[in-house]
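Geometric and topological summary
Listed below, chain by chain, are the residues.
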Amino acid sequence: MAADRIIAGFDGSEPGRAAARWAAREAVRQGLALELVLAGPREPDRAPTAEANALRVLFPGLDVRIARAPDDPVAALAAASERAVLLVLGSRGLGSLRGFLTGSVSRRVLGAAHCPVVLVRAAAGGDTRAEEPRGVTAGVDLAHPCDPVLDLAFRTAARREVPLTVVHAWGPPAGNEYLHFGSIGGLEHQLAADARRALDTALAPWLERHPELPVSTEVLMGHAGITLVDAASGTGLLVIGARRHHNPVGAHLGPVAHAVIHHAPCPLAVVPLH
């Protein structure tokens, strides 16, 4: 099945409603249908229908659908992601993912999804920071292919007509990980210049495709996870890539993605990098 809709995981909780509202706005922007998926072995109630009706009132003309999947949430959401442009999930607070998904389940969904996954945090009073018309920030790792991250970031910023900031954090060169950041010394300016050139090269084709989009860049020395969490302050959406590491118990994400997922204060799009 072709990816032709935005899907939000919905369980009737405040984080679930925040995810549904964020997903509805994005579906309107992209001209797509919205599907609310209830995953897990629970009896259906009126909450999904009430939420769907509320969204139809808030966003006239939006095609809102409801799908119930009595399977394991990870399997159900992974399967749903095959027909989704984006999979949107709600989470509560900083430091952990609670509500719709918990602990290892959240990591398994992020490791199994076939499309980008957006995590939306519910703010106090049921509001969500996703409503604020702020810019988009993308974090890129130039040691690996980053086109999927840039593609989502550029297209999202262009649709919203907001500025895009692209952030690259650099550290000691490969093979010299034993160096502490404070021990780089006289290499700092050279390494920073090399990182700047690499970022400019990676961005060149995207800037040609989106000449109307205001784009700024930041090349920062530091650990990527900390740098990206700091960069997320004040942005409307942070976009990162996540490489999957496979072991006998399934796929999991690397330490940078793990840190950003748990601590970013804004909506976060995690793009799978195969």
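Above this note sits the structure.
Residues numbered from 1 in each chain as written. Predicted model: local features only at pLDDT ≥ 70, side-chain atom pairs only at ≥ 80, totals over all residues. Heavy atoms only, no water.

**Points about the overall build of the protein**
Short version of the rule: Segments assigned H or I by DSSP are reported as helices when at least four residues long, segments assigned E as strands when at least two residues long, and all are numbered from the N terminus. Relative accessible area decides the class of each residue, using a 1.4 Å probe on protein chains only: under 20% of the type maximum gives buried, over 50% gives exposed, and in between gives partly exposed. In this analysis, two residues are considered to be in contact whenever any of their non-hydrogen atoms come within 4.5 Å of each other. Note on areas: Shrake-Rupley, 1.4 Å probe, and residue coverage restricted to the protein chains presented here.
Looking only at helices and strands, one finds eight helices and eleven strands in the protein. With 274 residues in all, the protein has 47% of them scored as buried. Contacts spanning at least 24 positions in sequence make up 77% of the contacts within the protein whose residues lie at least 6 apart. About 12,600 Å² of surface is accessible on the protein, with carbon and sulfur atoms providing 55% of the total.

**Description of the pattern of salt bridges**
The cut-off we apply is this: For salt bridges, the criterion is a side-chain nitrogen of Lys or Arg within 4 Å of an Asp or Glu carboxyl oxygen.
Counting across every chain of the model gives twelve salt bridges. Close ionic contact of Arg155 with Asp151 constitutes a salt bridge, the shortest N to O distance being 3.1 Å. Highlighted residues: Arg155 and Asp151, both in helix H5 (residues 147–160), separated by four residues, approximately one helical turn. According to the relative accessible area criterion, Arg155 is partly exposed, its value standing at 32%.

**Structural notes on the pairing of strand S2 (residues 33–39)**
This is how the line gets drawn: Whether a crossover is right-handed comes down to one check: with the strands pointing away from the viewer, does the path from the first strand over the helix to the second run clockwise; if it does, it is right-handed. DSSP calls a pair of strands paired once it identifies at least 2 bridges connecting them.
A large share of S2 lies buried, amounting to seven of its seven residues. Side chains of S2 alternate between two faces, with Ala33, Glu35, Val37 and Ala39 and Leu34, Leu36 and Leu38 buried alike. For the handedness criterion, the β-α-β arrangement of strand S1 (residues 5–9), helix H1 (residues 14–30) and S2 is classed as right-handed. Two strands pair when backbone bridges link them, and S2 and strand S3 (residues 64–69) are joined in this way by six bridges, in the parallel orientation. Considered in S3, the bridge of Leu36 is made with Ile66.

**Structural notes on H1**
For clarity, the threshold we go by: Working rule for helices: expected span equals 1.5 Å times residues minus one.
For H1, with 17 residues, the first-to-last C-alpha span of 24 Å sits near the 24 Å given by 1.5 Å per residue. Listed as buried for H1 are Pro15, Gly16, Ala18, Ala19, Ala20, Trp22, Ala23, Ala24, Arg25, Glu26 and Ala27. Remark: Gly31 follows H1 within two positions and exhibits a positive phi of approximately 70°.

**Some remarks on the side chain of Arg121**
The criterion, for reference: Polar contacts here mean pairs of N or O atoms no more than 3.5 Å apart (in protein, one a potential hydrogen donor and the other a potential acceptor; neighbouring residues in sequence count only if both atoms are side-chain atoms).
With respect to the helices, strands and loops of the structure, Arg121 is situated in strand S5 (residues 117–122). In terms of polar contacts, Arg121 uses its side chain to reach the backbone carbonyl oxygen of Ala264, at 2.8 Å.

**What to know about the side chain of His168**
Tracing the backbone shows His168 in strand S7 (residues 164–170). Accessibility expressed as a relative area gives 8% for His168, which makes it buried. Within the structure, the side chain of His168 is placed 3.2 Å from the backbone oxygen of Val140, a separation counted as a polar contact. If sequence neighbours within four positions are ignored, His168 has contacts with Val140, Asp141, Leu142, Ala195, Leu199, Glu218, Val219 and Leu220.

**As for the packing of aromatic side chains**
This is how the line gets drawn: Pairing of aromatic side chains here covers Phe, Tyr and the six-membered ring of Trp, requires ring centres within 6.5 Å, and sorts the geometry by plane angle: under 30 degrees stacked, over 60 edge-to-face, intermediate tilted. Any Lys NZ or Arg CZ found within 6 Å of a ring centre and within 35 degrees of that ring's normal is scored as a charge over the ring.
For the structure on display, the rule yields one aromatic pair. Positioned over the ring face of Trp206 is Arg209, at 4.2 Å from the centre of the ring.

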